[in-house]
Structure formats: C-alpha cells, structure tokens
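# Summary of the model geometry
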Amino acid sequence: MFELFQSENNQKYYFNLKAKNGQVILSSQGYADKSGAKNGIESVKTNCGDDAKFERKTASNGKFHFNIKAGNGQIIGSSQMYASESGMENGIESVKTNAPNAEIEDKTA
C-alpha cells in the first residue's frame, strides 16, 4: 500500500510504500504539492519492473540501502537501511512485488 501524507508543518507531500505487515519499504522525497507526490507513486509503479532503475548503495557505516530512479535519473524513493546485502535485495524484490498493484491511502487533509 502507498501511504500519501503531508509533513507536520504541511509544507511538503510524501509517500511511503508499505509491505503487507505495515513495514515501510520505500520512502519518497518531499513534493511541493499533492499531484507531484501522486506522480511519484505512478513513477514507482512504472519503473519498479526494471531492475536497472534500482540503485544499490552501501552507506559509510557498512549498511545497505537502495534508491529507485525515474526514467530521467531522478530519485523517486529511498529504502531503509539494511544490515545485509541480502536484506536489501529482499527489499528490492518487495518493491517489485508490492508496488505495481498497491492501493493509495490518502492521509492528507
């Protein structure tokens, strides 16, 4: 499920992609308006089938994480930190599985 929400001070719109157990798999960047965030969700749905759109990274603390990028190379969403590379790969597979048909829950006012 995609959860669409606004920041505390209502300045930006964000979305999270959540697994069936409620765990956040992917978090968006901030968007100036709701339509931008909705376009971001559609971009995740469109691009998640292409493994080349996933940028795998290792943080300075040795943890693993990934970004998903749009066709223009812009980052649409970022994962949490994973202790292992296999955990990160499982997260990517979860995005590929869950994002295409995920419902959108709009928590904005």
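Residues numbered from 1 in each chain as written. Predicted model: local features only at pLDDT ≥ 70, side-chain atom pairs only at ≥ 80, totals over all residues. Heavy atoms only, no water.

## Description of the sheet that holds strand S6 (residues 75-79)
- In space, the seven strands of this open sheet follow the order S4-S5-S6-S3-S2-S1-S7, with mixed pairing throughout. Whereas interior strands pair on both sides, the edge strands pair on one side only; in this sheet they are strand S4 (54-58) and strand S7 (104-106). The mean angle between the axes of side-by-side strands here comes to 25°, regardless of whether they run parallel or antiparallel.
- Of the pairings in the sheet, the one linking strand S2 (residues 13-18) to strand S3 (residues 24-28) comprises three bridges and is antiparallel in character. Bridge pairing links Asn 16 to Ser 27 in S3. (Pairing = 2+ DSSP bridges. Helix = DSSP H or I, 4+ residues; strand = E, 2+ residues; numbered from the N terminus. Axes fitted to C-alpha atoms, helices over the stretch in contact; angles between N-to-C directions.)

## Some thoughts on the pairing of strand S1 (residues 2-6)
- Here S1 pairs with S2 via five bridges, running antiparallel. Bridge assignment links Glu 3 to a residue of S2, and that residue is Asn 16.
- Counting the residues in the hairpin turn of S1 and S2 gives six residues, including Asn 10, whose phi is positive at 55°.
- Of the pairings in the sheet, the one linking S1 to S7 comprises three bridges and is parallel in character. Residue pairing for S7: Phe 2 is matched across the bridge by Ile 104.

## Topic: the environment of Ala 32
- Summarising the element assignment, Ala 32 is placed in the loop between S3 and helix H1 (34-47).
- Residue classification places Ala 32 among the exposed positions, given a relative accessible area of 63%.
- The sequence separation of Ala 32 and Lys 12 amounts to 20 residues, and the corresponding C-alpha distance is 5.2 Å.
- Not counting residues within four places of it along the chain, the set of residues in contact with Ala 32 comprises Gln 11 and Tyr 13. (Buried < 20%, exposed > 50% of the residue type's maximum accessible area, 1.4 Å probe, protein only. Contact = heavy atoms within 4.5 Å.)

## Structural notes on the packing of aromatic side chains
- Across all of its chains, the model carries five aromatic pairs by this definition.
- On the numbers, 5.7 Å between centres and 75° between planes, the contact of Phe 2 with Phe 15 is edge-to-face. Taken together, the residues span a long stretch of sequence, with Phe 2 in strand S1 and Phe 15 in strand S2 at a distance of 13 residues.
- Taking the relative accessible area as the measure of exposure, Phe 2 reaches 0% and is therefore buried.
- With 5.9 Å between their ring centres and 65° between their planes, Phe 54 and Phe 66 make a pair best called edge-to-face. Here Phe 54 is found in strand S4, whereas its partner Phe 66 is found in strand S5 (residues 64-69), with twelve residues between them in sequence. Note on accessibility: Phe 54 and Phe 66 belong to one class, buried. (Phe/Tyr/Trp six-rings, centres within 6.5 Å; stacked < 30°, edge-to-face > 60°.)

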